[in-house]
Amino acid sequence: MEFTTQHFIALAPMLITTITTVVVMLAIAWKRNHSQTFLLSTVGLNLALLSLLPALKVAPLAVTSLITIDKFACLYMAIILVATLACVTLAHAYLGEGAKGFPGNREELYLLLLMSALGGLVLVSANHLAGLFIGLELLSVPVYGLVAYAFFNKRSLEAGIKYMVLSAAGSAFLLFGMALLYADAGSLSFDQIGKALATTSMPSLVAQLGLGMMLVGLAFKLSLVPFHLWTPDVYEGAPAPVAAFLATASKVAVFAVVVRLFMLSPAASSGVLSTVLAVIAVASILIGNLLALTQSNLKRLLGYSSIAHFGYLVIALVASKGLALEAMGVYLVTYVITSLGAFGVITLMSSPYGGRDADALYEYRGLFWRRPYLTAVLTVMMLSLAGIPLTAGFIGKFYIIATGVESHLWWLVGALVIGSAIGVYYYLRVMVTLYLVEPNLRRHDAPLKWEQRTGGVMLLAIAILAFVLGVYPQPLLEMVQQAGLQLIG
């Protein structure tokens, strides 16, 4: 095939991210400078984000047989780039400057974040199993290094090894499932697989087994029950900005490709597999929320909470008609904003790096009396995660419930309501802790003028956005509706 200017415009976000990665790598080799590396990464990611505007004008376009750039891909690319940009900004605050900051090399963290983000961009554009696997590995492999980045911290190393071993097992399941699916459908393209599965009233046993094994591999990346056991340990061990990246950009990319696969192959999400997904959704919602109840560590609590949130999203995936696509887009945007805000507060409380993240709940006791604005940010994030009205989280949850009701998935809607009720309890527990009378304990604190630094400004912007979207969600809804229509069309 011949490459035209349109192809390069469509690929611009990926090309710019790739060039940024190479430039950052060469800059580190030439001269180690933390601020310079941060600046180059930020500029590159902003340019990639801006390049989505011309890319939207040429979409939809099949760039190669592996990648299609359409409005759906552009929406999720935007989410990934914004999340990565936020994590890079948090990483700068977290690593600190001079002898007081992170004791190891700081610059490689940005390099790994950029490479992982590039994998996410490939993943959301994939319309072919080979593209899916390349994107997934490019996304996952840098994360092994990111999770274990605080190499002198025993928990960080343990989390890195745990994630690497289990991720490799998940990839093995995924590859075996792809092989079985290829044996049955005779193609690796999502479209062709969809057509092959649609020729019979029921997919063959080999195809169902292949899809089931692929589901195991992808459910691991999304930390759905029963493939969730790594999540709290990895979130706790990973540096706070890395945990934010794992919870947002990494999971959004995987979920987007799952949505594309299931929407282009409706037979893939019907029959036995639909029932399995429904059971996984209920288990993730109930187990994620119940285990979060017992946590006294904020990172672990957010880890279990993310298991439940992706359980809610699977409800829309099971419905896969009507409002489903729109609901998933809205929920993912609101979830990303809220998670970035919550992990952002942990990052600023832990910065500059002090040997261990400030993630124990007792360290947040009485925070309101010391850092009132930071407490306000975390309060808004907890309310949004709980799905309280006038926050972004409420809009996301409302759409998921509407999808479940529209598709008459009553027992899934029931699980969502019960899970949300349990969730309110432990989110309120965190909020109450923030306003309790301060004990005389050794404590971590955010820098005094945290809101005047890049990380602080970004965090305040996220808090305002979470509130604004809760009050006036119309621009978000319109953006997601356009992206959804393109995929079905």
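Residue numbers run consecutively from 1 along every chain, following the written order of its sequence. pLDDT decides what is reported in this predicted model: residues at 70 or higher carry local features, side-chain atom pairs at 80 or more are listed and counted, and totals for whole chains, interfaces and linings draw on all residues regardless. Side-chain numbers here rest on the full set of heavy atoms in the structure, without hydrogens or water.

### So, a nonpolar patch on the surface
- Together, Phe-3, Phe-8, Leu-15, Ile-19, Val-23 and Leu-40 make up an exposed nonpolar region whose accessible area comes to about 500 Å².
- Runs of E in the DSSP output that reach at least two residues are strands. Runs of H or I that reach at least four are helices, and both are numbered from the N terminus. A per-element tally of the nonpolar patch places helix α1 (residues 5-30) first, with four residues.
- Exposure categories follow from relative accessible area, calculated using a 1.4 Å probe and restricted to protein chains: below 20% of the type maximum is buried, above 50% is exposed, and the middle band is partly exposed. Note on Phe-3: relative accessible area 39%, which makes it partly exposed. Patch membership needs two things, relative accessible area over 30% and no salt bridge, and members are linked within 9 Å if like-charged or within 5 Å if nonpolar (Val, Leu, Ile, Met, Phe, Trp, Tyr). For the area figures, the Shrake-Rupley method with a 1.4 Å probe applies, and any residue is considered shielded solely by the protein chains shown. A pair is scored as a salt bridge if a Lys or Arg side-chain nitrogen falls within 4 Å of a carboxyl oxygen belonging to Asp or Glu.

### A closer look at the packing of aromatic side chains
- Stacked, tilted and edge-to-face pairs are distinguished by plane angle, under 30 degrees for stacked and over 60 for edge-to-face with tilted covering the rest, among Phe, Tyr and Trp rings (Trp via its six-membered ring) whose centres lie within 6.5 Å. Using the criterion set out here, one finds 18 aromatic pairs in the structure.
- Relative to Phe-152, the ring of Phe-102 lies with its centre 5.5 Å away and its plane at 45 degrees, an arrangement referred to as tilted. Taken as a pair, Phe-102 in the loop between α4 (71-95) and α5 (108-125) and Phe-152 in the loop between α6 (129-147) and α7 (154-185) lie far apart in primary sequence, 50 residues in all.
- Judged by its relative accessible area of 38%, Phe-152 falls in the partly exposed class.
- Feature note: the residues Phe-102, Tyr-149, Phe-151 and Phe-152 constitute an aromatic cluster, connected by ring pairs.

### Some details on the confidence of the model for the chain
- Looking at the chain, the pLDDT average stands at 87 and 94% of residues meet or exceed 70.
- Mean pLDDT across the elements of the chain bottoms out in helix α19 (residues 474-488) (73) and peaks in α5 (94). A residue's pLDDT is simply how confident the predictor is in it, with values from 0 to 100.

### Thoughts on helix α14 (residues 324-350)
- By definition here, a helix of n residues has an expected span of 1.5 Å times n minus one. When the terminal C-alpha atoms of α14 are compared, their 38 Å separation across 27 residues agrees well with the 39 Å that a helix rising 1.5 Å per residue should span.
- Taken across its 27 residues, α14 has 27 buried, putting it largely inside the fold.

### Description of unusual backbone geometry
- Cis geometry is adopted by the peptide bond preceding Pro-226, which originates at Val-225 and carries an omega value of 5 degrees.
- Even without a glycine there, the phi angle at Leu-390 is positive, about 75 degrees.
- Looking at the secondary structure, you find Leu-390 in the loop between α15 (372-386) and α16 (392-406).
- Phi is positive for His-408, which is not a glycine, with a value near 60 degrees.
- Here His-408 lies in the loop between α16 and α17 (410-435).
- For His-408, a relative accessible area of 56% corresponds to the exposed category.

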